[in-house]
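Structural characterization, general
Take a look at the letters that make up each chain.
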Amino acid sequence: VATSALVAAGSAVALDVTLGGEIEMSADYDTGSSGFNGVVWDADLTIGAAGESMGWTYGGELEISMTDSSMDLVVSGASIYLGGDFMGKITLTEGCGDSIDMIKTTVAGDTSTDGDVGRVGSIAGHCVEWTGIDVSGISVGGSAALDPTSGTSVIVDLGISLAGVDVAAEYDVDGKVYDATADLSVGGAAIGISMSGTDDGSEFDYDVSVGLDILGYAGTVEYGVADKDLMVELTSGCYTFDIGFGDSGTDQVDMWSLEYDCPLHEGFDISASIGEASGSEDLSGSVSATVSF
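What you see is a predicted model; the values in this text were computed from it and never measured.

1. What about the nonpolar core?
- Formed by Cys96, Val120, Ile123, Cys127, Ile155 and Val177, the largest nonpolar core amounts to six residues.
- Residues within four places of Cys127 in sequence aside, it is in contact with Thr91, Leu92, Thr93, Glu94, Gly95, Cys96, Ala144, Ala145 and Leu146.

Given below as structure tokens:
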């Protein structure tokens, strides 16, 4: 009996436990209204556990947050997953879907003013997410709400990678809307197309972007067909410059921003930006320091 017990204990697979997170201090300035808003901070801690046994992978994560406005520790997210090569990965979590990045930048580095131009949103509340399986470059997946909701409750995902072209699409079954992207390389240029619309064809928008070397800088030029706006981004080392032109022609600057984002040491990052947001004539800026572990 003792020998059997020892064998059973020895065959058990230990979980890999990880601990990570970040602490950020930041300050914003706006010449139009609020001026200098003071220094704020927030801290995020992620505890994870993962294991693998007999062809199965499993684990979970717990996210804990604290801000300067509330010194209480708050569980901001939790997830648990189970998967295998034969079935893909199933995750129980908080908030699912919206797997395609349809963000159009309005101020570089300032996610609070970035606009999601996609039509498919995310499922709010408790949900289950299936990342699906990949067979010959074709992957399928989906998300479903576990709580009754009045909005999105089922999202279907599709990915295709074939002959150097990567296509991703997501479809909101309840809202009957879709988002899709296609990326390919032609010569030294990276071409991307993002589109969204309704399944009956009554609404359809798309953007075209081209990434290439511009005077020694890594550049991206994006044109939004629906809004008739033009975005140009230049990146060199730690610096990123964005400029956007409105629909009345390239002589009207709608926004601009200059951002510096660079690690000073391992795990310590400094970021600063200044510019004018889209639709505003007020100069605004931000600076932040982040410690990641």
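Alright, that's what it looks like, and here's the rest.
2. Some points on the environment of Tyr223
- Along the polypeptide, Tyr223 turns up in strand β16 (residues 217–224).
- Residue classification places Tyr223 among the partly exposed residues on the basis of a relative accessible area of 36%.
- C-alpha of Tyr223 to C-alpha of Ile193: the two residues are 30 residues apart in sequence and 9.9 Å apart in space.
- What Tyr223 contacts, discounting residues up to four positions off in sequence, is Tyr206, Asp207, Val208, Lys228, Asp229 and Leu230.

3. Side note on the state of the cysteines
- According to the stated counting rule, one finds two disulfides in the structure shown.
- Covalent S-S linkage joins Cys96 and Cys127, the inter-sulfur distance amounting to 2.1 Å. The sign of the S-S torsion, about 90 degrees, decides the handedness of the disulfide formed by Cys96 and Cys127: right-handed. Within this pair, whereas Cys96 is found in strand β5 (residues 88–97), its partner Cys127 is found in strand β8 (residues 122–130), the two being separated by 31 residues in sequence.

4. A word on the environment of Gly38
- Mapped onto the fold, Gly38 is located in strand β2 (residues 35–53).
- Exposure remark for Gly38: the relative accessible area of 18% places this residue in the buried category.
- In the structure, Gly38 is positioned eleven residues away from Ala27 in sequence and 5.8 Å away in space, judged by C-alpha atoms.

5. Remarks on unusual backbone geometry
- One non-glycine residue with positive phi stands out, namely Asp98, at about 50 degrees.
- Locating Asp98 in the fold gives a position in the loop between β5 and β6 (103–104).
- Relative accessible area serves as the criterion here: at 25%, Asp98 is assigned to the partly exposed category.
- In this structure, Lys176 is a non-glycine residue whose phi angle is positive, near 55 degrees.
- Residue position: Lys176 is located in the loop between β12 (165–172) and β13 (177–186).

6. What about the pattern of salt bridges?
- Summed over all chains, the structure comprises two salt bridges.
- The salt bridge involving Glu203 is made with Arg119; its shortest N-O contact spans 2.9 Å. Within this pair, whereas Glu203 is found in the loop between β14 (189–198) and β15 (204–214), its partner Arg119 is found in the loop between β7 (115–116) and β8, the two being separated by 84 residues in sequence.
- Of the charged contacts, one joins Asp205 and Arg119 as a salt bridge, the two residues approaching to 3.0 Å between their closest N and O atoms. Here the residue Asp205 occupies a position in strand β15, and Arg119 occupies one in the loop between β7 and β8, the gap between them amounting to 86 residues.
- Here the salt bridges do not stand alone but share partners, grouping Arg119, Glu203 and Asp205 into one network.

7. What to know about the environment of Asp134
- Assignment of secondary structure puts Asp134 in strand β9 (residues 134–135).
- In this structure, the C-alpha to C-alpha distance between Asp134 and Met87, residues 47 residues apart in sequence, is 9.7 Å.
- A polar atom in the side chain of Asp134 sits 3.4 Å from the backbone nitrogen of Gly137.

8. Some words on the side chain of Thr152
- By the secondary structure assignment, Thr152 is in the loop between β10 (138–145) and β11 (154–162).
- We classify Thr152 as buried; its relative accessible area is 17%.
- Of note is the side chain of Thr152, whose polar atom sits 2.7 Å from the side chain of Asp172.
- Leave out the neighbours within four places in its chain, and Thr152 touches Ile123, Asp172 and Asp174.

9. So, the pairing of strand β3 (residues 56–67)
- As paired strands, β2 and β3 are joined by twelve bridges and run antiparallel to one another. Among the inter-strand pairings, Glu52 is bridged to a residue of β3, identified as Thr57.
- Joining the antiparallel neighbours β2 and β3 is a turn of two residues, in which Met54 adopts a positive phi near 55 degrees.
- Here β3 pairs with strand β4 (residues 70–84) via eleven bridges, running antiparallel. Considered in β4, the bridge of Glu61 is made with Ser79.
- The loop that links β3 with its antiparallel partner β4 comprises two residues.

10. Some details on the packing of aromatic side chains
- The final tally for this structure, using the stated rule, is three aromatic pairs.
- Ring centres of Trp56 and Phe86 lie 5.1 Å apart, and the angle between their planes is 90 degrees; on these two criteria the pair is classed as edge-to-face. Within this pair, whereas Trp56 is found in strand β3, its partner Phe86 is found in the loop between β4 and β5, the two being separated by 30 residues in sequence.
- Ring centres of Phe204 and Tyr206 lie 5.7 Å apart, and the angle between their planes is 35 degrees; this geometry places the pair in the tilted category.
- Looking at Phe204, the relative accessible area reads 43%, which means it is partly exposed.
- When the ring centre of Tyr81 is taken as origin, the NZ or CZ atom of Lys89, which lies over that ring, is 4.3 Å away.

About the cut-offs
Residues numbered from 1 in each chain as written. Predicted model: local features only at pLDDT ≥ 70, side-chain atom pairs only at ≥ 80, totals over all residues. Heavy atoms only, no water. Core = buried A, V, L, I, M, F, W, Y, C linked by side-chain atoms within 4.5 Å. Buried < 20%, exposed > 50% of the residue type's maximum accessible area, 1.4 Å probe, protein only. Contact = heavy atoms within 4.5 Å. Helix = DSSP H or I, 4+ residues; strand = E, 2+ residues; numbered from the N terminus. Disulfide = S-S within 2.5 Å. Salt bridge = Lys/Arg side-chain N within 4 Å of Asp/Glu carboxyl O. Polar contact = N/O pair within 3.5 Å; in protein donor to acceptor, adjacent residues only side chain to side chain. Pairing = 2+ DSSP bridges. Phe/Tyr/Trp six-rings, centres within 6.5 Å; stacked < 30°, edge-to-face > 60°. Lys NZ or Arg CZ within 6 Å of the ring centre and 35° of its normal.

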